[in-house]
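Fold and geometry: a report
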Amino acid sequence: MIAKEAEDQGWHLYIVGGAVRDLLLTNNNQKVSLQDIDLVVDGFHRSADVGAGVELASTIQKKYPNCRLSVHGEFQTAALLWHKDPEFGSLWIDIATSRTEFYPYPAANPEVESSSIRQDLYRRDFTINALAVRLTPPREGELLDFFGGLLDLKGKEVRVLHANSFIEDPTRIYRAVRFAVRLNFDIEPQTETYIRYAIESGIYDKLKLKNHVTPALTTRLKAESKYILEANYWKPALQLLSDLDSLKCLHNQVILDDKIWWQIRCASRWLRYLDPDNNIGHWLIRLEILISKINPQERKQLALNLHLPKDSLERIDKDNIIYSEIQELLLKCNKISDKYKQLYRNKLADLILVAVNSKKEVRRIIWQYLTQWSKIQAPLNGNDLKRMGYKPGPQYKLVLDRLLALTLDGEIKTQQEAAIIVK
Ligand code: ATP
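Only a predicted model underlies this, so the values are computations on that prediction, with no experimental measurement involved. (Residues numbered from 1 in each chain as written. Predicted model: local features only at pLDDT ≥ 70, side-chain atom pairs only at ≥ 80, totals over all residues.)

1. Things to note about the overall build of the protein chain
- For the protein chain, the count of helices and strands is 21 helices and 9 strands.
- Here the protein chain holds 423 residues, and the buried ones make up 36% of them.
- If you take every contact in the protein chain between residues at least 6 apart in sequence, the share linking residues at least 24 apart comes to 64%. (Helix = DSSP H or I, 4+ residues; strand = E, 2+ residues; numbered from the N terminus. Buried ≥ 20, exposed ≤ 12 C-beta atoms within 10 Å, placed from the backbone. Contact = placed C-beta atoms within 7 Å.)

Shown next as structure tokens:
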């Protein structure tokens, strides 16, 4: 229907980017579900204020009022979102405009057309993402492959489109890694040379977040880091980022040494077990550990500029000294109830961070707290005390805390034993 609408306007419409790549990578008999589609419309549009993409998306939205329209970028891109629609499921369609000129009448000069979509594709990151399929006549269904993307899909290579690509946009390094690992492709050797050259020439200074000169770039860097750190392939991706020396893009003090690597993997194992629904955001903890060795002030600035959430900022703000303090206190405690008292005020994420920064003995205590002690309850609760005739008041907390401590230390087990203590 979008293609029909574009055709009626005399415009050309293409499906581009990831959807084409993924369709071409799929075997004929496999069903592909596309939920995120990028379209590019190419045509002289009638308004100087909005591009053809926005015009087209607005027309579609009027016909399908159950989809939501949002316009972003200056005036070139629109998005249509169908959220759990019975006809379309959940579907996100971005419609960009490949041409900036506007003209009062529709026109379809094929030469202008192909140069315009070619330019659009040339601005993209890799050959495998610079493929397009024409959706409007004539020759609808034709694959446009100006840069050898099909060959690279077959050869399983991530190849950049031009030498300066990573200098222009360092976040493409993270994208190269993401596609290479996710698709099980290699980064083509010349492309790897460009990456290394870009890093050596200090492009990461471009991302120097302190100066706030490139907020769009840092937003993209955060998005790409999140994408990688929350994917199920985060381990090989992080390793490859490190091998390419590109963790420097976050901050030039970030390195993945053996200790940090171990801490990230250990925290991830704990998180998988203790937070299976991923409420904390496991990728954030990985990122926090990754940047933990940066000096505190710069680390905080980095976190602020990456717009990390409040919980994360609070954790990052804590000095590493806190870890050794908790460690020392725990080692001094003999009774379980005393260890419990040192730990129960802390949130799960904090405790995991303390654990990976502590020696084995302490780690074991924290693990026992999280998996056993934190689940133990005293044999009596407030209602029981009330039923026993005690008037509610501040004493309740003292009594219940005492009962819990005795239970943790194994001195009482049953309600009867607890009742004797209360009396
Ligand atoms: P995924 O399946 O992971 O979403 P995708 O290819 O659709 O992959 P997007 O991040 O949604 O990735 O980007 C859509 C398209 O926009 C890409 O295929 C690519 O052509 C282009 N693109 C995205 N980011 C960049 C960038 N930093 N530089 C150049 N082109 C980009």
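2. A look at the site of the ligand
- If you check the shell around the ligand, you find Gly-17, Gly-18, Asp-36, Asp-38, Arg-124, Asp-125, Asn-129, Asp-169, Thr-171, Arg-172 and Arg-175 and nothing else.
- When residues of the shell around the ligand are assigned to their parent elements, the largest contribution, 3 residues, is made by helix α7 (residues 171-183).
- Of the residues in the shell around the ligand, the class split is no nonpolar, 4 polar and 7 charged. (Near = placed C-beta within 6 Å. Nonpolar A, V, L, I, M, F, W, Y, C, P; charged D, E, K, R; others polar.)

3. So, the packing of α7 against helix α9 (residues 215-230)
- Interhelical geometry of α7 versus α9 gives an angle of 20 degrees and a closest axis separation of 9 Å. Considering the angle they form, α7 stands roughly parallel to α9. For the element pair α7 and α9, the recorded crossing hand is left-handed. Along its contact with α7, which presents Thr-171, Tyr-174, Arg-175, Val-177 and Arg-178, the element α9 presents Leu-217, Arg-220, Leu-221, Glu-224, Ser-225, Tyr-227 and Ile-228.
- Among the residues forming the contact of α7 with α9, the class breakdown is 6 nonpolar, 2 polar and 4 charged. (Axes fitted to C-alpha atoms, helices over the stretch in contact; angles between N-to-C directions. Parallel < 35°, antiparallel > 145°, perpendicular 65-115°, else oblique. Left-handed = near helix turned anticlockwise from the far one by under 90°.)

4. A look at the packing of helix α11 (residues 258-274) against helix α17 (residues 348-356)
- At a minimum axis distance of 10 Å, the contact between α11 and α17 shows a crossing angle of 145 degrees. Note that α11 runs across α17; the crossing there is right-handed. On α17, the residues touching Gln-263, Cys-266, Ala-267, Trp-270, Leu-271 and Leu-274 of α11 are Leu-348, Ile-352, Ala-355 and Val-356.
- Here the contact of α11 with α17 is composed, by residue class, of 9 nonpolar, 1 polar and no charged.

5. A closer look at the environment of Phe-126
- Mapped onto the elements of the fold, Phe-126 is located in the loop between α4 (110-122) and β6 (132-134).
- The class for Phe-126 is buried, based on 25 C-beta atoms found within 10 Å.
- Along the backbone, Phe-126 and Leu-161 are 35 residues apart, and their C-alpha atoms lie at a distance of 5.6 Å.
- Filtering out sequence-adjacent residues up to four positions away, Phe-126 remains in contact with Val-158, Arg-159, Val-160, Leu-161, Ala-176 and Phe-179.

6. Thoughts on the pairing of strand β2 (residues 36-42)
- Most of β2 sits inside the fold, with 5 of its 7 residues counted as buried.
- Bridging between strand β1 (residues 12-16) and β2 involves 5 bridges; their strand directions are antiparallel. When the sheet's bridge partners are listed, His-12 is paired in β2 with Asp-42.
- The pairing of β2 with strand β5 (residues 89-97) spans 6 bridges and is parallel. Bridged to Val-41 within β5 is Thr-97. (Pairing = 2+ DSSP bridges.)

7. Notes on unusual backbone geometry
- With an omega dihedral of 0 degrees, the bond running from Pro-137 to Pro-138 counts as a cis peptide bond.
- Looking at the element boundaries, Pro-138 is found in the loop between β6 and β7 (143-144).
- At Asn-278, a residue that is not glycine, the phi angle is positive and equals roughly 55 degrees.
- Taking the number of C-beta atoms within 10 Å as the measure of exposure, Asn-278 has 11 and is therefore exposed.

8. Notes on α7
- Along its 13 residues, α7 runs 18 Å from first to last C-alpha, staying within 8% of the 18 Å computed at 1.5 Å per residue.
- Burial runs high along α7: 10 of the 13 residues are buried. (Expected span 1.5 Å × (residues − 1).)

9. Topic: the environment of Leu-247
- Mapped onto the elements of the fold, Leu-247 is located in the loop between α10 (234-243) and α11.
- Classification of Leu-247 as buried rests on a count of 23 C-beta atoms within 10 Å.
- C-alpha separation for the pair Leu-247 and Ile-199, spaced 48 residues apart in sequence, amounts to 9.7 Å.
- Beyond its immediate sequence surroundings of up to four residues, Leu-247 is in contact with Leu-241, Ser-242, Val-254, Ile-255 and Leu-256.

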